[in-house]
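# A look at the structure
As a plain string of letters, each chain reads:
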Amino acid sequence: MMPVRRSGGLRYRFCSQVDVLNSNGTPESNGATDAIATTTVSEPVILSPEEQRAKEILDDLKGDLSYSIEEIPAWYTSILLGFQHYLTMVGATVAIPLIIAPALCIADDYVATAEIIGTIFFVSGIATLLQSFFGVRLPIVQGGTFSFLVPTFAILGVKGPCLPSLTAEERANHTEFWQSRMRELQGDIMVASLFQVVIGFTGTIGLLLRFIGPLSIAPTIALIGISLYPVAADFAGSHWGIAVLTIGLMVIFSQYLARFSIPCLGFSRSKGCHKTNLFLFKLFPVIMAILLSWLFAFILTETNVFPTDPDSYGYNARTDLRVQVLNEAAWFRIPYPGQWGLPTVSVAGVFGMLAGVLASMIESVGDYYACARLSGAPPPPSHAVSRGIGMEGIGCVIAGAIGSGNGTTSYSENIGAIGITKVGSRRVIQMGGVLMIILGCLSKFGALFVMIPDPIVGGMFFVMFGMVAAVGLSNLKFVDLTSTRNLFILGFSILAGLCIPYYIQSNPDFIQTGVAELDQIIEVLLSTSMFVGGFFGFIFDNTIPGTAEERGIRKWQEVAGNDADGQNAKVNELVNSCYEFPFGMSYIRKVSCFAEVPFCPTFRGWTCSCKKKRG
């Protein structure tokens, strides 16, 4: 790989013929293949010691990835990989409108449901682009959040029950009835999300990062995958045969056949038409598994192998259950702010949504570290995390304004997809965001993927959630696992993250403070496994005595290109260059005041003026 200087950082790109010299003048081998070669460079490059160290760190972080965070696949490959991320987030994203539809009193209005589905995809695409360009800058997909469901049901419950069965004359008024309930959600989400914007862009969330180490991150990320097992089990349990088929295909494609390539024709300006190798199974295991499983389920549906009785086992594996959505959805429709009317706001609703915002923020911080770990990026610095949380808040405000009935957050499923496909390119996620916007406007296309049978979605979740849990535990490589202190913190945090949410969900009236809004906030937080596990890991790791080496703090900082004494500032800058803005960095570096802005890439943290004077 050849380092290319640009605005004070290193940008790595694959080259077909290049000799890179280290600080001693010794040429290094180039591992690029013809299939991904983009440029031919003949002049060797001599690296400074700082650049050499930064390159070593980034090479180590990349591991066996096909494309790391800043590497760009061919445009057609990016489209396919982006579409794969779209398929990965379809299940969870579509589930949210389908879950809240009864509470919104949409009843059997499938057209309205399809319009909300298109809206949530449209909003997710906008939020994904904002996050990848200007937010945390990681290849992380933004989509609807389940954290908002509990306050959503509470708010709609206060609005009163749905109307009874409607006559043909009453349906015209019913549209206004359910849209008034939607407008209540919109206003509450927008106001509550402003809190997230402030927390992010003021750097408040970044202040906490100096106290966060592997023992705080590991249980938080691991519980993201572990706590979602009921969702995977419920979807897969609708027909275990189809779910196992999907799991088996994904495992075979991503693990056993990943090293095998398919010979095909390629074209480049330097070589013209030539033979190249396409690692089809490694790049597209999710798409291939879904399509093959879907085809098999379609055959069994057409041959009436699956039952037609809704109460029979295997009924949800049929591929014709949601055909009506496809028939009634419009071909093209652009969601816009105020499409359901002017949003309304209630104090109780804002406080309720605030609980969902807090839970979503905590989950997203863990997602950032998991995504960085899988995409070959260093752990995100405080300015990137602050910017990411602030941008998620803006995404939620946009979602509220347009009216998706939900907010936006980072998607763990797509982080798991990065681990399966070994493609961590930011460009792929951006392409996926563009596809979400386009397909969100093509209502029939979105409705087509609503028809994916539940067991196929469940099988996909099995693999994805397992990968996310494993990524969380992989952070323990920095920690001394022979220490009883660390084993206690890890074990207790994970078990508490499972037990406490289970008890709270089983006893919904356990929290009784006398203030309904406060009860709701506490209940949502204690029902969130990631919050509970991360909270105990954070408290114990920072209060129980332990050395920096024992806690893994020193190695954790070294991975980020930083040392405990802050001596490797240049290396740190080079390693973390992937978190810089896509443009304008030369100007930002010239203006010294930007170094005091918490979400700016040049931010170096707050320092005490008294210490400067003493020094």
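Quick caveat, the model's predicted, so the values are computed rather than measured.

Tallying secondary structure elements over the protein gives 26 helices and eleven strands in all. Counted over contacts in the protein with a minimum sequence separation of 6, partners at least 24 positions apart contribute 79%. Element-wise, carbon and sulfur atoms account for 64% of the exposed surface of the protein, whose accessible area totals about 26300 Å².

For Gly546, the location among the structural elements is in the loop between α21 (529-543) and α22 (548-551). Taking relative accessible area as the criterion, Gly546 reaches 35% and is therefore assigned partly exposed. Spatially, the C-alpha atoms of Gly546 and Ser483 are 9.5 Å apart, while their sequence positions differ by 63 residues. Apart from the residues lying within four places of it in its own chain, the contact partners of Gly546 are Arg485 and Arg551.

With that out of the way, let us pick up the side chain of Asn486. With respect to the secondary-structure elements, Asn486 resides in helix α19 (residues 484-506). Look at Asn486 and you get buried, because its relative accessible area is 0%. Polar side-chain contacts of Asn486 include one of 2.9 Å to the backbone oxygen of Asp480. Here the side chain of Asn486 touches Glu550 through a polar contact of 2.7 Å, landing on its backbone oxygen. Each residue touching Asn486, except ones within four places of it in the same chain, is listed here: Leu215, Val479, Asp480 and Glu550.

Chain-level statistics for the protein give a pLDDT mean of 80 and a share of 85% at 70 or above. For residues 1-42, every residue scores under 50 in pLDDT, and the model assigns this stretch 104 contacts once sequence neighbours within four places are set aside. In this model residues 560-567 is a low-confidence stretch, pLDDT under 50, and it forms 16 contacts with partners more than four residues away in sequence or in other chains.

Further remarks concern the pattern of salt bridges. Within this structure, the stated rule accounts for ten salt bridges. For Arg53, the salt bridge goes to Glu56, with nearest N and O atoms at 3.7 Å. A residue pair is termed a helical-turn pair when its members lie 3 or 4 positions apart in one helix, as Arg53 and Glu56 do in helix α1 (residues 49-62) at three residues. On the basis of relative accessibility, which here comes to 38%, the residue Arg53 falls in the partly exposed class. Between Lys422 and Asp64 there is a salt bridge, with its nearest N and O atoms 3.5 Å apart. On the criterion of sequence distance, the pair formed by Lys422 in the loop between α15 (412-421) and α16 (426-441) and Asp64 in the loop between α1 and α2 (75-104) is long-range, its members being 358 residues apart. A relative accessible area of 24% places Lys422 in the partly exposed class. One salt-bridge network, held together by shared partners, links Arg485, Asp541 and Arg551.

Looking now at unusual backbone geometry. Note: most peptide bonds trans; most residues except glycine with negative phi. For Arg137, which is not a glycine, the phi torsion comes out positive at approximately 70°. Looking at the secondary structure, you find Arg137 in the loop between α3 (110-133) and β8 (142-143). Residue classification places Arg137 among the buried residues on the basis of a relative accessible area of 5%. The phi dihedral of Asn304 is positive, around 60°, even though this residue is not glycine. The residue Asn304 is located in the loop between α11 (285-302) and α12 (323-328) in this model.

Okay, the nonpolar core next. Tyr86, Leu104, Phe121, Leu138, Ile290, Met460 and Met464 are the most contacted members of the largest nonpolar core, which totals 101 residues. Broken down by element, the residue count for this core peaks at 13 residues, all from α2. Setting aside chain neighbours within four positions, we find Leu104 in contact with Ile116, Leu156, Trp178, Arg181, Met182 and Leu185.

On to the packing of helix α7 (residues 214-226) against helix α18 (residues 454-474). Axis separation between α7 and α18 bottoms out at 7 Å; the angle between their running directions is 170°. The angle between the axes of α7 and α18 places the two elements in the roughly antiparallel class. Two secondary-structure elements touch here, α7 through Ala218, Ile221, Ala222, Ile224, Gly225 and Ile226 and α18 through Phe465, Val468, Ala469, Val471, Gly472 and Leu473. Of the residues belonging to the contact of α7 with α18, the class tally is ten nonpolar, two polar and no charged.

Time to look at the packing of aromatic side chains. Scanning all chains against the criterion turns up 19 aromatic pairs. With a centroid separation of 6.1 Å and 40° between ring planes, the pair formed by Phe133 and Phe134 is classed as tilted. For Phe133, a relative accessible area of 31% corresponds to the partly exposed category. Ring geometry for Phe201 and Phe599: centres 5.1 Å apart, planes at 75°, overall edge-to-face. Highlighted residues: Phe201 in helix α5 (residues 171-201) and Phe599 in the loop between α25 (585-590) and α26 (609-614), separated in sequence by 398 residues. Here the aromatic cluster, defined as three or more aromatic residues joined through ring pairs, consists of Phe488, Phe492, Phe531, Phe535, Phe536 and Phe540. Its guanidinium or amino end placed over the ring of Trp331, Lys444 lies 5.2 Å from that ring's centre, counting from NZ or CZ.

Before going further, it helps to examine a nonpolar patch on the surface. Residues Trp331, Phe332, Ile334, Val434, Ile438 and Leu442 make up a contiguous nonpolar surface patch of about 620 Å² in total accessible area. Along the chain, the position of Trp331 falls in the loop between α12 and α13 (347-374).

The next subject is helix α4 (residues 149-158). Within α4, the full set of buried residues consists of Leu149, Pro151, Thr152, Ile155 and Leu156. Here the buried residues of α4 occupy an arc of 160° about the axis, which is enough to place them on one side. Residues of α4 that are exposed and angled more than 90 degrees away from the buried face: Gly157 and Val158. Looking one or two residues past α4, Gly160 carries a phi angle of roughly 105°, positive in sign.

Okay, α15 next. An α-helix turns once per 3.6 residues; consequently, residues spaced three or four apart project the same way. Along α15, ten of the ten residues are buried, which leaves the element largely enclosed by surrounding structure. By the burial criterion, the buried members of α15 are Ser412, Glu413, Asn414, Ile415, Gly416, Ala417, Ile418, Gly419, Ile420 and Thr421. Looking one or two residues beyond α15, the residue adopting positive phi is Lys422, at roughly 65°.

What follows is about the environment of Leu185. Relative to the helices and strands, Leu185 is located in helix α5. Residue classification places Leu185 among the buried residues on the basis of a relative accessible area of 0%. When the C-alpha atoms of Leu185 and Leu104 are compared, they prove to be 9.8 Å apart, with 81 residues separating the residues in sequence. Beyond its immediate chain neighbours, meaning those up to four positions away, Leu185 contacts Leu104, Thr152, Ile155, Leu156, Met353 and Gly405.

What counts as what
- Residues numbered from 1 in each chain as written.
- Predicted model: local features only at pLDDT ≥ 70, side-chain atom pairs only at ≥ 80, totals over all residues.
- Heavy atoms only, no water.
- Helix = DSSP H or I, 4+ residues; strand = E, 2+ residues; numbered from the N terminus.
- Contact = heavy atoms within 4.5 Å.
- Areas by Shrake-Rupley, 256 points an atom, 1.4 Å probe, with all protein chains shown as cover.
- Buried < 20%, exposed > 50% of the residue type's maximum accessible area, 1.4 Å probe, protein only.
- Polar contact = N/O pair within 3.5 Å; in protein donor to acceptor, adjacent residues only side chain to side chain.
- pLDDT = per-residue confidence, 0-100.
- Salt bridge = Lys/Arg side-chain N within 4 Å of Asp/Glu carboxyl O.
- Core = buried A, V, L, I, M, F, W, Y, C linked by side-chain atoms within 4.5 Å.
- Axes fitted to C-alpha atoms, helices over the stretch in contact; angles between N-to-C directions.
- Parallel < 35°, antiparallel > 145°, perpendicular 65-115°, else oblique.
- Nonpolar A, V, L, I, M, F, W, Y, C, P; charged D, E, K, R; others polar.
- Phe/Tyr/Trp six-rings, centres within 6.5 Å; stacked < 30°, edge-to-face > 60°.
- Lys NZ or Arg CZ within 6 Å of the ring centre and 35° of its normal.
- Patch = residues over 30% accessible without salt bridge, like charges linked within 9 Å, V, L, I, M, F, W, Y side chains within 5 Å.
- Arc of directions from axis to C-beta.

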